[in-house]
Amino acid sequence: MVRSRSARTVANLGIASALTIFLGACSSMSLPSFSSSPAVAPEPSAAPEMPATIRSDEIVGRWGLASFQNPNDRARTEVAARAQCKQPYVIGAGATGGVIMHLADQATPQELRLKGSPSGKNYIGPPGPAGGEQDREIVSFDGRVLITRFTDKDAATRYGNMVYVRCAPRA
């Protein structure tokens, strides 16, 4: 009799363990709901990134860099940026088609994307919607002079309008 009791106890523990595992597996499965609560609609996926009208290979290169706050200082700032070509700011080509630049207040450059927007503006920033908090808007670009401004108000106040003047090729 003693043997049959211990065997029965072991069998009961085995069944309880198996039921516990089975019920645990059921909680991870998605079963149909029979409740009358409305179904939750799936969140809409983010809109696909719109291509910029400026290609990344157009801004890769060596640039003199300066900035201005007052729009009346733009011409003087372009001259100052050109003088910085002795120590150029280098915009590199990224591995996935972007450009290698610094984000505001970041010591290490990283790959950023050129992004377009429905309004026709172009932005440079990390992946995500155009005009995001870490993006910079391309105010103007003529192939020789690139002017950008950060979309973040605090960064825009500190850095102003960034003027990049293309440096002449090395002789």
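Everything quoted here is computed from the prediction, not taken from an experiment.

### Details of the environment of Arg76
Moving on, step 1. One can find Arg76 in helix 2 (residues 74-83).
Moving on, step 2. Overall, Arg76 belongs to the exposed group, its relative accessible area being 55%.

### Topic: the state of the cysteines
Moving on, step 1. In the structure shown here, the tally under the stated rule is one disulfide.
Moving on, step 2. There is a disulfide in this structure between Cys85 and Cys167, and the S-S distance comes to 2.1 Å. The sign of the S-S torsion, about -95°, decides the handedness of the disulfide formed by Cys85 and Cys167: left-handed. Placement of Cys85 in the loop between helix 2 and strand 3 (89-93) and of Cys167 in the segment after strand 9 (161-166) is noted, with a sequence separation of 82 residues between them.

### Side note on the packing of aromatic side chains
Moving on, step 1. What the rule picks out here adds up to three aromatic pairs.
Moving on, step 2. With 6.4 Å between their ring centres and 85° between their planes, Trp63 and Tyr164 make a pair best called edge-to-face. Taken together, the positions of Trp63 in strand 2 (residues 61-68) and Tyr164 in strand 9 put the pair 101 residues apart, joining distant regions of the chain. Assigned by exposure class, Trp63 and Tyr164 land together as buried.
Moving on, step 3. Centroid distance Tyr89 to Tyr164: 5.9 Å. Interplanar angle 55°. Geometry classified as tilted. Here Tyr89 is found in strand 3, whereas its partner Tyr164 is found in strand 9, with 75 residues between them in sequence.
Moving on, step 4. Given the relative accessible area of 17%, Tyr89 is considered buried.
Moving on, step 5. Its relative accessible area of 1% is what places Tyr164 among the buried residues.
Moving on, step 6. Each residue in the set Trp63, Tyr89 and Tyr164 is aromatic and connected to the rest through ring pairs, giving one cluster.

Calculation rules
- Residues numbered from 1 in each chain as written.
- Predicted model: local features only at pLDDT ≥ 70, side-chain atom pairs only at ≥ 80, totals over all residues.
- Heavy atoms only, no water.
- Helix = DSSP H or I, 4+ residues; strand = E, 2+ residues; numbered from the N terminus.
- Buried < 20%, exposed > 50% of the residue type's maximum accessible area, 1.4 Å probe, protein only.
- Disulfide = S-S within 2.5 Å.
- Phe/Tyr/Trp six-rings, centres within 6.5 Å; stacked < 30°, edge-to-face > 60°.

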